[in-house]
Every structure is written in C-alpha cells, then in structure tokens.
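Listed here are the chains, written in short residue letters.
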Amino acid sequence: MKYQYILTAVCCIVAVQNLSIAQTLTGKVLDENGKRVAGATLSLSSSGATFMSDSTGNFRVDPRWLPDSVAISYLGYRTVKVYIRSANDFPLSVTLTKTLDELPEVLVSTGYYEVPLERSTGSFAQVDNKLFNRSASRDIVSRLEGVVPGLQFDRRDLDERGEGSPQLRVRGVATIESEAAPLIVLDDFPYEGDINSINPNDVESITVLKDAAAASIWGARAGNGVIVIKTKRGGYGQKMRISLNNNVTIGDKPDLYYGKDRLPAEIVMAIEKELFGRGNYDEDPRTVLPEYVELLIRQRDGQIDDVEFAEWETRLRNTDVRKEALTHLYQSPITRQSALNISGGSAVNKFYLSVAQDSYQQNVKQDGGNRLNLNLQNTFRPIENLELTGGIWYSKQKSYRNGISFSDLGPIGSEPPSPYLGLLNADGSAAAIPHGLRYPYQLEAENDGLVDWMYRPLDEPALTDNVSFSREMRVNGKASYRFLDLFNINLAYQYRQSVGGGETRYDPESYFVRDMVNRFTQMDGERVIPYGGILSISPARTNTSQLGRAQLNYAQTFGKEHQVFALIGGEVREQVQTAQPSIRIYNFDSSNLTGTNMYDYKTTFPTRPAGSARIPSPSASLSSYTDRFLSYYGNAAYTYRNRYTFTGSLRWDASNLFGVKANQKGVPLWSAGLSWNMAQEPFFKTDAISYLKLRLTYGSAGNVNNQVSSMPVVSYTVESRTQLPRGYVVSAGNPSLQWEQVNTFNIGVDFADRSQRFRGTVEYYDKQARDLIGEDYMAPSTGIIPRLTQRIRNRINYASVYSKGADAQFSIGVLTKGVRWNIDLIGGWTKNAVTDFNTQETASITAYLLSPPPVLGHSRDAIYAYPWIGLDHSTGMPLVETGGQIGMDYDTFVKEFRAEDLLVAGVTMPRFHGAFRNTFSWRDIEVSANVQWKAGYVFRRGSISPGQEYLGPQNYHMDYFRRWEKPGDEAHTDIPAYASEPNSNQSTVYKWSTALVEKGDHIRLQDVSIGYSLRRGVFPKLPVEQVRLYAYCNNLGILWRSNKEGIDPDYVNVTSPPARSYAFGLQINF
Amino acid sequence: MKAITYLAGILLLGLLQSSCGREFLDEKRDKKQVTPSTISDFQAMMDYLSIMNVNSCHELGVIGADEYSVSDDRWSLLRDPYQKNAYIWADEVYEDRDLGDWNEAYFRILYANMALEGLRKISLSASENNVRNNVMGQALFFRAINFYQLAQQFCKPFDQATAADDPGIPLRLEQDITLRSTRASVLHTYQRIIEDALEAAAILPERPLVKYRPSKLAAFALLAKTYLLMGDYANARSYADACLAYGSELIDFNDVDASPTYSFSGEFELNPELIFICSMRNISITTTSRINMADDLLALYDEHDLRRNVYFGLSSDRTIFKGSYMGNSVFFTGLARDEVYLIRAEANARMGDEEKAIADLNFLLRHRMGREGYRPLVATEIDDVLALVIEERRKELVLRGVRWEDLRRLNKEPQFAKTLTREVEESQYSLAPNSPKYTWPIPDSEIDLSKIEQNPRK
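Residues numbered from 1 in each chain as written. Chains lettered and ligands numbered in written order. Predicted model: local features only at pLDDT ≥ 70, side-chain atom pairs only at ≥ 80, totals over all residues. Heavy atoms only, no water.

K.L.:
So what's going on with the environment of Leu1066(A)? Which residues, and what values?
P.N.:
Residue and element names in this part refer to chain A. As for its position among the elements, Leu1066 is in strand β50 (residues 1061-1069). Of the residues examined, Leu1066 reaches a relative accessible area of 33% and is grouped as partly exposed. For the pair Leu1066 and Ser354, spaced 712 residues apart in sequence, the C-alpha to C-alpha distance is 17 Å. When residues no more than four places from it in sequence are discounted, the contact partners of Leu1066 are Leu244, Asn245, Asn246, Val1027, Arg1028, Leu1029 and Tyr1030. (Helix = DSSP H or I, 4+ residues; strand = E, 2+ residues; numbered from the N terminus. Buried < 20%, exposed > 50% of the residue type's maximum accessible area, 1.4 Å probe, protein only. Contact = heavy atoms within 4.5 Å.)

Here it is as structure tokens:
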C-alpha cells in the first residue's frame, strides 16, 4: 500500500513538471480540398520532435526548435517536407496530396530493433492499437484470438470449471517434452511474469514473430515463436493528452445444463431405490449416502411412516440441484475497468503515465478480485544525441475465493451432487447436505459431545476468507547515444520482482474447522485440535529477474541505392524463483491475531469415525531456482534500390541449465532472409497491383528444457521414517545435452492493389524441430527404468517433430464511400508429425487413450480409439471382433488387443482455423463482428456405459434416454442397451471407441463491437477532444457445428462453457 | 561525452565476457538438487529407504513357493499376469509386462554404483575416512544383497559342478548406463556377492544409526546366507558365529500380544532380532483378502508353539499371515537374528556337531514356545537333527522370501525333495524338484534391449 502512495506522488510531480510548454507558433494541415487534417504526424528532423495536428488540423511549434525542416505525414497521403527558417514563416499552412500507390509505413518491432515492414524479410503479424482495442477484456491474451493467422488457442487442458489459461501455439508444435509456449517480450525485455497483470490500456501494439528471420534474434527461446508487446509512449513536443477509459462487462450466469453427465432426479431415485433393494449401500459412518437412500433407510427402520416418506419423496423429485445452485450460488459476473493515461512531451523530454483499477466478481457468488496498475515512463534528452529513459511499472492483483460452486456440493471428492439436492430448508434457512461423512452420523455428533458436524453450503461463504494476491514491480532504464550520424549505442537494464501468495482464514464455525475438531476429538472427549479459527498461509513465491543489455546499431545509406542496417549486442539475464514454506496456525483469533502452531505433529491420534492420523502440519518444503542466460547476437540487413533486401541474424546462447560442457559450447542460432519488392521493378507494368513482395527465409531457433542436466543430479527431501535427509537421483546425467533446435523455412508473398482496397499476405512454412529432448529406453539392468515412481529418466537430444502449414490474411475494402465496409479474413492450416521418437513398446493401451504418448509417424495431437462395429441386433450390446469372429467376448477382445492396433481417430487441435471479420463504419459509428471457424479435428465425448449408472453417479449421462431399447434401434444409435451386470471391458470397448469421437468443425460468432465517437471537429462545443462510446458482446455463440450433441468443441470437458458477456464503455480524450 | 559512452559500452561488453562467463553459468538451477559429490550426498542416497529398503526382489519366489494357496475366484480376479502365471509356474510368465523384482533391484544397484564411484573420487582427511568407509560399506552391501536376491530368482541354484558354466545375472559394477549388460556365470555372481559383502563387512560399523542402514552384522549375516546356499557350511557357520558374537538377543514370543491386526510393532528399535530392514510389497495375490496359508505348514506347529497364533490369524474361513516383523501387511525380507541361529544350527548339524545344533534350536524355541509347554530338546533322543532344523526353518521363516531359496537348494537332496502342486480351475499344476522352472525367466524388456540369454522353462 505504501508503495502506491509513493508512486502516485512521484507520478504527479513528474507529470506537472512536463505540463509547462512555452509560448508556441501555430500552423495548420490541409488536404487537397482545403479540409483540415487532424492527426497528421509532424516530425522535426534535427530536433527529433514528433507531434500531431489536433482535431482542427492545427499544430504548434516551439520557436526554440527553429530553424528546422519538418516532415508532415498522414495515412494515405504523400509525406511533405517543409523547411522552416524562423517564426516569421508563421502562420504556416501545409497541403497534403492523396497517394494511392504507397503503402503506409508500418514499423514492426522484434524487441531488439524496429524495422519497416516493407524492408523486412521475415514473417510478422501485427495487431495494431485499433484492432487490439476492439475487445474490452481485462487481459491481453484473449484479445489476440481470431485476429492473428497461425496463432492457436489450445484449451484442451482447461479444468472442469473451465479455468486456467489456454496454451498458445504459434504455427503448430515444435517440441515434445520442453516448454511449448511462445516467448513473451514486453517492452524489449523477455517477460516471465503473469501476463494477466498487464493493463491492456497501456498496450500500443502486439507483433507476433513467426519465422526464423523474425524470431531467431531471440535465439534459444524463440523456437515456439515470439509475441512482442509494445506499450504506449509519449512523444517529443507532443501536446499533453489525457485519456480516460471506463467500462463495465456483465456476463450471463453459467449454463449448468451444458454438461450431459447427469440424469434427472426421477431416474436417479429409481436407480437408488433399486440399489437399496439389492442391499448395495454400506451403512458405515465413513460412507456418504445420498439423501434419498437415507430416506429409504429411515422408512425401513420405521423412523418415518409411509405418508411422511411419500411427502419427502415428492419434495426430492421436484427439486433440481442445478436450479438451486443457479439461484443461490451463482450470479452474473461483472467486471469494472477504469484507466487513466496521460502522455505528452516537450523538446527535451516525453512521458507517459497511467493508472488503472479493475474489479470483478465471478459467476460464483463471493468470488472475485481486483487489480491496480501504475505506470510511469519518462525520457529525457539532456544533450543532443543522448536519450535517457526510465520507467516504473507496478501492479497489484488480489482475488478472493469464498464461494461454493456446483462441484462443491458433491458428497465427497469429485463425485457429482445428487440431482435432487436442495440448498434451503422449508423455513428458508441454509440446509445441511450429505457431505464428508454419513448424514445420520453427523447428526448424532452433538449428542456424542462433539461440535455440530453438518455441512451447510450456503453458510460457508461467510465463514471462510480465502485471499490470494500478487504484486509485481518492474523498473528499467535505458540510455541511447547517437554518434557520427551512423551509430547508436544502447544500454538497458531491467529489474523485475513479483511476489505472490495467499491465505485462508477459517472461522471456528466453518465446516473445515468443525470437521477437523470432531475428527480429532478423542474417546474421552479431549480435543486435540482446539475449537477455534484456523489460519492457513500458502507459500509465498517470489520471482526476481534482472537483465542487462548493450547494443550497437549502425545504419547508413550509400547513394540512393544502398541501405545498410546492422546491430550487435550482448545480453545477460538471471531469474530467481523462490518459495517459502507454508504456515498453519490453530486456535486463530482474527480479532486480536493470536494463535499457536505448537502442536504434537508426530503422534498419531485415533480419529473419528475410524482410523488414526497426525495433526496436519504445514509443509517445510522450500525451493529456489536460478536460471541464467548469457547471449550475444547480431543482425544485418542490406537493401538495394528499395527492391532487394537481404537479412541475416546470428545468436549465441549459453545458460546454467545444462551443466558445464554444453555451457562452454553454447549453440549458435542463425537466420537468413531475402525479399524482393517486385512491383518496384521497371518491367512490372501491371496497373492493378501496386505492391508485390516475395519473401524467402530460413533459419534456426532454440528451445529450452530446464528439467534436464548433463551431470548426475540428486534431489533432497526428508525421510519421514528416520527424519534423515534422503536424496533421490533425478537424472543420471548426459554430458552431451544441448538446446532443442527448430529450423524454419518460410516463403511468403505480400500484395496490394493500386486502390489499397485489397491487400493480403500468403505464407507457407515448414518447421523441422530436431534434437528434441526425449526419453530413450534402456535395458532395465542399467537401472534406467521408466515406470518406477522415483525413476531416473534417460533424456537425450534425439527426437524430432515436423510441422508444416500455411497462413493467409486478406483485407478487402468493399465500399469506401459513405458507409465503409471492410472485410478482414485470416486463415491457417497446420499439421505435424513425430518423425523420430522411441515410444515405449510396453506402453499400456490406457496410456494411449488417456494421454497419448508421442508415436513415430503420428501427429502430436493424435487421438486413439478402439474400432467400432456397431450394436448387436438382438441385445443392443457393442460388437467386437475376436479371432476373426464378430461377437461380444469383451474380455478376450480387451485382453488380446494390442496398442498398435488402436485406430488414430484424428487430431485434437484444429488443422484449419480462420476468422472472418466485417467492419462497417459510417461517419463516426463503427460496427464490427468477428466470426471464427475451426475445422479438421475431433474430440472425444462422454456417454453412458451399459448398466454402469448403477455403479455410481460419475457414470450418469443423458445418453441414458437415447440408448438402444429394441431390435432395430441399432440402425440409428450407437448407445448400448442397459446391462444388468455391468462389465468394465464391455464399457471400455464403447467408451473408448470411434463411436464417441466427434468432429470438432464449427463456426462461431465470437464477438460484436460497436463504437461511436463524438469529436470536437464535428461538435465544436464538446468540452473535450473526443468521447467514444462503445459496446462489446463476447461469446455470442456457435453458428454451426458438425457434432449433433450440442457440444462446444473448444470446451468439451467443462461443466459450462464461457457465458455470453456484454461490455459497455466510455472513453474520453481531453 | 562520446568517450564516456564508448567506455561504458566497452566496459559492459567486457563485463559480459569475463565475470559473467564461466562462474555466472555454473550456478546450479535448483537449490534442492545437487550433483552428488560429498559423502553426505551419497549417504542421503543410501538413506532413501523407500528405494533402498522396500520392494525387495522376492515377489516371484514368494508367489511360487508352498506357503499358501488362493481360491479359484480370487486367482481369476488377479490383474497382474505375472502373479497369475507365477502361481501356476506357467511357461509364459510376464506377457510382455515389466517386472518389479528385476527393475527395482537394478535400480538400487545403480544407486550403489553411483555412490561407490562418487565416493572413490573424493579425496579427504583420515578423520573423514571412517565416514566415507561407512557409506561405501553401505553401497557395497546394497549391491551384494541385491545381486544375492536376483540370483535366487533368475539363476539356477548354485551347484559347484556347473556353477562356472551356468548363466548368472548381469553384474552391473559401474554407473555408466551406456555399457551393455551381459550375463556373468553363476560362479562369478556368487563370488561377486561374497567379495562385496566381505569388503562391506570390513568397513561397516557394528551398530548402524538406524536399522535401515547396513551394518557389519548385516554383512556377516548375508555372508552366512550365501555360503549356506553354496553348501560351504564351514564358512556359513563361521559368519553366523561372527554375526552372533555381536549380540544374541531374540524376541520372546511370550511377551508378544497376538491380539492386534498385526502382532509385531512397527517400532523397529523395540525388536532386538532385527539386523537389517528390508521388505517386499504385499502384492495382490498375498493380500489378506486372498491368501490362505498352506495346511501342511500349519500342521507343523505343536500346541505349545506360540508362533501359531502370533504368525497366523483367521479371516472368514482362511488362515492369514499377521506376523511380519514390519508390523503391517508388508512382508519382512531383511535379515534377522532368528535366521542366523538357524543357519548356524544347520551348518553344525551338517558338519556332525549335533549338540551345538540342538543348543541353537533350544535357544530359539525357548523364545517361541509357551513357558509352560517348552521342553528342551535333547540331541541324543533325535534321529535326524538336520531334518528337525530344516523343518524349524520352514516354521520360523514364514513369508520372508527364504522358503523359495530353501526349496531350490534342498531339492538336490532326495530326503528333502518335494513336488509342489496347485489346483486352479480344475487344472492340476506341479513343480517337480530341480525343474528348470525354479529359475524364473528374465523379463522381456531386458531380453529385447540387451539381448542377453533367456532362461529355459523346459
């Protein structure tokens, strides 16, 4: 908290200091028709000041800057250069003429240098500020989906609640066991922090580096592609701009009926009644029985009469736990964001300052959080040619999670709740539900001298206080000095530290405390655990990184035909991650902060209802990781006659990851590229096309695996039986380990027609990832045994993966007069295959089905399944082939089935993806909608298994109602009939067969954004420069899907897919 | 100004080059991980008891011996093919699966080899030499006992006449994992066990810090066991003597409360008999829900024998085993003093010193029989002292992995030879004395990858 005040104070002082701009001279910018041009860029060549014309086309010049020549440029207009001698030249008016045959110059940044797209050879995809701000999400990453060709979002590993971040994939996969995420570069520095801590309002643009020529400068970490985030800056001589952005996003409640792994109350009660009749329920205090079964037991034991029983039964039948949960546990998620940023500059300095505050509530009541961001950047030019920049970023995130979600209502562990569970008693108080232990046993607790043992979900949120937080601070400084007009030397340093942790305070009345107290209450009534609050502090994690860099740039033009640009540099980086042990305090009183941790953690106490246990003790586990990198790099580009560009880069990396030998060696990674601006050739005489560039690049990038070592490595823990330190061998060591290497070939063409209405890029790539680190199998007598628990793996560089694909991007201006209509199309195709890998031959079929190992010749994303023949005509049971006979001998079939006979049922990542974005604008209104398409992939859905609904609620599935019931049904269903005796192999051959593998192809309307701007140019009375009103609707729904099951192929295993959300916002520029 | 900038640039690049060079990159990544190089690193490896002291290589022998049976329905529900197949001594045992007995033993042998190589590289002062010797002795002992255990499952029983030609086990003696495995002879295998155990005995302390760690006593006991198997009774007796010279105490079963689920306590320091702790997993086939102790074994105990109730309990209609020295369902397969007494008794009996043999038996039985019912044996009243000792071994060392070893070696003596039989799902299976099936096949993955010779089943 203290930091914030200090920071705010510093920000204000610096800002005020910059507000004073001396008396100025005014000029104006006009177009061919004499209309004033707002937003034209003016840059003074010797002072370097850059500023823009305001909304009335006026610009101001400080007389101290003169004499100087000024270049005035504006998108779609020819740049004009004017020499201004003195103040006498004012008032000045400059007229710009429209150009149709020149592309606006786009600069792309790699983090080490900026290059005009025109003179690049590599594959860059840029998301500019406008596109980035189409979305109103709190985070950065989600704004990239569906706008960058070749960037895929992998959501296969999201948890049941749909939480967790999607994995990003740039152009397929290039590794097996190592890090697969692209490198994130924030303001020229690699960023290892939490990307969700960045304030999106600070982001200027994002560039994705896709091929070797673009990414290889990042060397050993560029193998998975690089995402470069550039934040906003002020400009020299720029008038102060203040921008205020406020929005609120409201979402729908989750769709709890999305998941089909459920059955309605009536069916479940019938099943439970039958099982009860069969004597299937073990009436033991440790076994939680469903409410209806408890009711049946009470009826059997004569505790309730038939009338009362019937009443209860009806009440259960008419209760729907999902409805209850939606009413009492869920709410509309709401996110509020506000951000203020101020930027500006004078002749000798420029600054950018921003403050942002977000808060949100989740769709689960009592879950939510907030974020605060502060950012201050200041650049001085104390003398000509020397520029000093300093910046401070601070972010603080806090989230609290006290709510009860649907999955918390289950009786135990991950078991789903009974469908007829009610959350309120008839009198409106919070109801107790069967949870943890058997309900009647818990009811008896108070009679046995224990404390209340009932679990009442609706009471719990008020009784726990679970908070997690993270704070991050980045400080950096840069010095840049230009000399001899050709060279520029840059020194940069960044320090970053993030701290994260959390704590949970349990009230004495919380179920957590009461349950623990009761379990440890001894037979004589002694309480081993005091009946008081518990404070549990999770381990604080600290991540500190430092980076230093020195770089020399050189740029020279020889005559009119030769342009040379080159740089060399060195970089040193360290990252230290530490974790402190957790703390647990019993008998905690939050009102006066007292508690104790002095307990007997060694004695095993008898516990209730059975067994014995030690008092749960906080862990004493600490960790500390240090990653160090040392790199040298260079890059050069030569352009001849603005037509031919040759580029090359070289990078050498070493790290402490691999141990001595490889460190000394390091690995040089390089790239080479060539581009040909064909439209500039004299022979190129087509009028229709004004821009045509061919690009060809090849080069290598690396990838890091920090889990391997060249030396034998032992990891320490403490042996609980002897309390002696014990060490286990993590790695037997491999002296010849090195980086994984990804060689990428890229060929692309960029084009535009003369009217600039039709522009596009098409690229083809071919990636050979080799020397991938993978496990190699050895004879077990060597001691290298893959399947032991404390195994030693023999990891060596030997595997390879091949990916290829194509990316395309088109922009079409359909209408340009009055209503403007623009279509943006992106598309990508990608496929991959493992080309060298030793899969353990004895790998079980289960492994192939659950998490497929890499298999030679197959895609990394392959999904395996048993062959499916169909259902038997007379019994409705799955048919299998055994010994050449089609029948129903499941046990033999499963026993004899070999892993290599499993079918590859497809791949689980889309081979094709695309997006189709339409933007309409009329005057100051703009509407845009993005439609996304994914195809060429499959997913596995759930279903029932014959008779398995009698084995437990985790087997419930709505396919129950669509199963085979009479001969002939097999013609239109693959869902097997009921079996009175469930057989696990019978279930296996259906559940893991191709019958349940569905095509994932679908088209969705991702979002719609609507914006309206009021500008002072149009409304002269407007007290501010501009007011923009906008609305953004996200997750609008699937327009078409291949599967007939109503499943969203991006969210297969979640309880509910992301709900629709509506954002409304207001942005004011002063 | 220019000069300053140049200077700064040069300085920084210089810094990157020199001070940030080798030392900068030599920082280890994970503080918890070390490249094992100190004595305490290797001690920590030897102290990893859930690797070094558990899952001993005894499963196949326990499954195949005549100490228990399982009913058809329990047998048919077994998931692991090796358990099902080993129980009926089938030709094909593993069905391509991995085998814990083999894998875990060689895993420990790699640990031992890493420790041995690392320790030899350390140069140290004389005072530290004792500490090093202790760890080195532990590593040698671990290697020896694992070779010993492997030899009982995967080599023919030791026979002086053919030992030099019978294939033994791969003797991995170096940590280099790239070396190809080849099978040594049985003779070499036993020579190596003895060599390692002797070296260990010379440098290990008498009293280990905890009984999970090998000691001088453990090495002597292992030598006595090994010589007994080799038929070298003089050496077996002298190492049993050496072991017992450091302590003779046994548990008195009169003081053991047989009423809990498991008769013995898990507090190992309370059990004076224990020399070295090591255990075998309680595998599915021998869990209390399946196992039924053999009637011919149970019939051996007389009415005063406390072991009948300390070792065995009832679970519905089956007699189950509850007498593991581990104090739980896991089988004790380590070294204990009762076995050493029995080794000495047998060696004495075989060498004609029946008085001494009976003295050891009496000492043991005094601790095993009810105080009222105990009558000391008198050597002159007994026809066959050796047969009595052999029978006592079977009664005493139940489910300790020893029975399989005894069956293998005693089958050569017609007096003790026994044909084992099983009846499963109306089929009869038998294991004849000296059958090649007393040598288990080597796991398929080993044969595939190192191409060593397989053991014949017929």
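Read on for the rest.
K.L.:
A description of the pairing of strand β19 (residues 349-361) of chain A should follow, citing residues and the corresponding values.
P.N.:
Residue and element names in this part refer to chain A. Two elements, strand β18 (residues 334-345) and β19, share 12 bridges in a ladder whose sense is antiparallel. Paired with Ile334 across the strands is Gln361, a residue of β19. Sheet topology places β19 next to strand β20 (residues 367-380); 13 bridges connect them, and they run antiparallel. In the strand pairing of β20, Gln357 is matched with Leu372. What sits between β19 and β20 in their antiparallel hairpin is a turn of five residues, with Gln366 showing a positive phi close to 75 degrees. (Pairing = 2+ DSSP bridges.)

K.L.:
Describe the pattern of salt bridges, and please don't skip the residues or the numbers.
P.N.:
Residue and element names in this part refer to chain A. Under the defined criterion, the tally for this structure stands at 88 salt bridges over all chains. Lys130 is paired through a salt bridge with Glu926; the nearest N and O atoms lie 3.2 Å apart. With Lys130 in helix α2 (residues 129-132) and Glu926 in strand β45 (residues 925-935), this pair connects stretches of sequence that are 796 residues apart. For Glu926, a relative accessible area of 25% translates into the label partly exposed. (Salt bridge = Lys/Arg side-chain N within 4 Å of Asp/Glu carboxyl O.)

K.L.:
Tell me about the sheet that holds strand β1 (residues 33-34) of chain B, and name the residues and values.
P.N.:
Strands sit in the order β35(A)-β34(A)-β1(B) across an open sheet of three strands; the sheet is antiparallel. On the outer flanks of this sheet lie β35 (725-731) of chain A together with β1 of chain B, each paired with one strand and no other. Note: strand β34 (residues 713-718) of chain A against β35(A), six bridges, orientation antiparallel. Directly across from Thr717(A), in β35(A), lies its bridge partner Arg726(A). Its contacts with the sheet put helix α3 (residues 39-46) of chain B on β34 and β35 of chain A together with β1 of chain B, and the angle it makes with β35(A) is roughly 90 degrees. (Axes fitted to C-alpha atoms, helices over the stretch in contact; angles between N-to-C directions.)

K.L.:
So what about the nonpolar core? Which residues, and what values?
P.N.:
Counting residues in hydrophobic clusters, the biggest one holds 159 residues, and the most contacted among them are Phe141(B), Phe154(B) and Met293(B). When residues in this core are grouped by element, the largest group, 13 residues, is from helix α9 (residues 126-154) of chain B. Discounting residues that sit within four places of it in the chain, Met293(B) has contacts with Glu67(B), Tyr68(B), Leu298(B), Phe312(B), Thr319(B), Ile320(B), Phe321(B), Val398(B) and Leu399(B). Counting residues in each nonpolar core, the second largest holds 47 residues, with Ile297(A), Phe897(A), Ala977(A) and Val989(A) among its members. (Core = buried A, V, L, I, M, F, W, Y, C linked by side-chain atoms within 4.5 Å.)

K.L.:
With reference to specific residues and values, describe the side chain of Asn918(A).
P.N.:
Residues and elements named next belong to chain A. Inspection of the secondary structure puts Asn918 in strand β44 (residues 912-922). Separated by 2.7 Å, the side chains of Asn918 and Trp821 make a polar contact. Once residues lying within four places of it in the same chain are set aside, the contact partners of Asn918 are Trp821, Asn822, Ile823, Val927, Ser928 and Ala929. (Polar contact = N/O pair within 3.5 Å; in protein donor to acceptor, adjacent residues only side chain to side chain.)

K.L.:
Which residues make up the packing of helix α10 (residues 186-203) of chain B against helix α11 (residues 216-230) of chain B, and what are the values?
P.N.:
Residues and elements named next belong to chain B. α11 packs onto α10 with a crossing angle of 155 degrees between their chain directions and a minimal axis gap of 8 Å. When the axis of α10 is compared with that of α11, the two are roughly antiparallel. Judged by the twist between their axes, the crossing of α10 over α11 is left-handed. Here α10 contributes Tyr190, Ile193, Ile194, Ala197, Leu198, Ala200, Ala201 and Ala202 to the contact with α11, which in turn contributes Lys216, Ala219, Phe220, Leu222, Leu223, Thr226, Tyr227, Leu229 and Met230. (Parallel < 35°, antiparallel > 145°, perpendicular 65-115°, else oblique. Left-handed = near helix turned anticlockwise from the far one by under 90°.)

K.L.:
Can you lay out helix α7 (residues 321-328) of chain A for me, pointing to particular residues and giving the numbers?
P.N.:
Among the residues making up α7(A), those that are buried are Val321(A), Arg322(A), Glu324(A), Ala325(A) and Leu326(A). Capping of α7(A) at its N-terminal end is provided by Asp320(A); its side-chain oxygen lies 2.9 Å from the backbone amide nitrogen of Arg322(A).

K.L.:
Account for the packing of α11(B) against helix α12 (residues 233-244) of chain B, with residues named and values stated.
P.N.:
Residues and elements named next belong to chain B. The N-to-C vectors of α11 and α12 enclose an angle of 160 degrees; their axes lie 8 Å apart at closest approach. Taken together, the axes of α11 and α12 lie roughly antiparallel to each other. In this structure, the crossing between α11 and α12 has a hand that is left-handed. Residues Leu217, Phe220, Ala221, Leu223, Ala224, Tyr227 and Leu228 of α11 lie in contact with α12, whose contacting residues are Tyr233, Asn235, Ala236, Tyr239, Ala240, Ala242 and Cys243. Considering only residue class, the contact of α11 with α12 consists of 13 nonpolar, one polar and no charged. (Nonpolar A, V, L, I, M, F, W, Y, C, P; charged D, E, K, R; others polar.)

K.L.:
Break down the sheet that holds strand β7 (residues 92-95) of chain A for me, with residues and values.
P.N.:
All names here are of chain A. Taken in spatial order, the three strands make up an open sheet running β4-β1-β7, and their pairing is mixed. Of all strands in the sheet, those bounded by a partner on one side alone are β4 (58-61) and β7. Taken pair by pair, the neighbouring strands of this sheet meet at an average axis angle of 30 degrees, ignoring direction. With four bridges joining them, strand β1 (residues 25-30) and β7 adopt parallel strand pairing. Looking at β7, one finds that Val29 is bridged to Val94.

K.L.:
Hey, could you go over the interface of chain B and chain A for me, with residue numbers and the actual values?
P.N.:
The partner chain A presents 69 residues to the 64 residues of chain B that form the contact. Buried area between chain B and chain A, summed over both chains or domains, comes out near 5,600 Å², and the portion from carbon and sulfur atoms is 63%. Run the count over chain B and chain A and you get zero salt bridges. At the boundary of chain B with chain A, the tally comes to nine residue pairs in polar contact (both at pLDDT 80 or more). Those elements that place two or more of their residues in the side of chain B that touches chain A are α1 (2-17), α2 (22-26), β1, α3, α4 (49-52), α8 (100-121) and α19 (444-450) of chain B. Ranked by residues supplied to the side of chain B that touches chain A, first place goes to α1(B) with nine residues. Residues that form the side of chain B that touches chain A fall into these classes: 30 nonpolar, 15 polar and 19 charged. Bridging between β34(A) and β1(B) involves two bridges; their strand directions are antiparallel. For Ser715(A), the partnering residue across the bridge sits in β1(B) and is Gln33(B). (Buried area = accessible area lost by both parts, 1.4 Å probe.)

Everything listed here is a matter of coordinates, which is why it stays silent on function.
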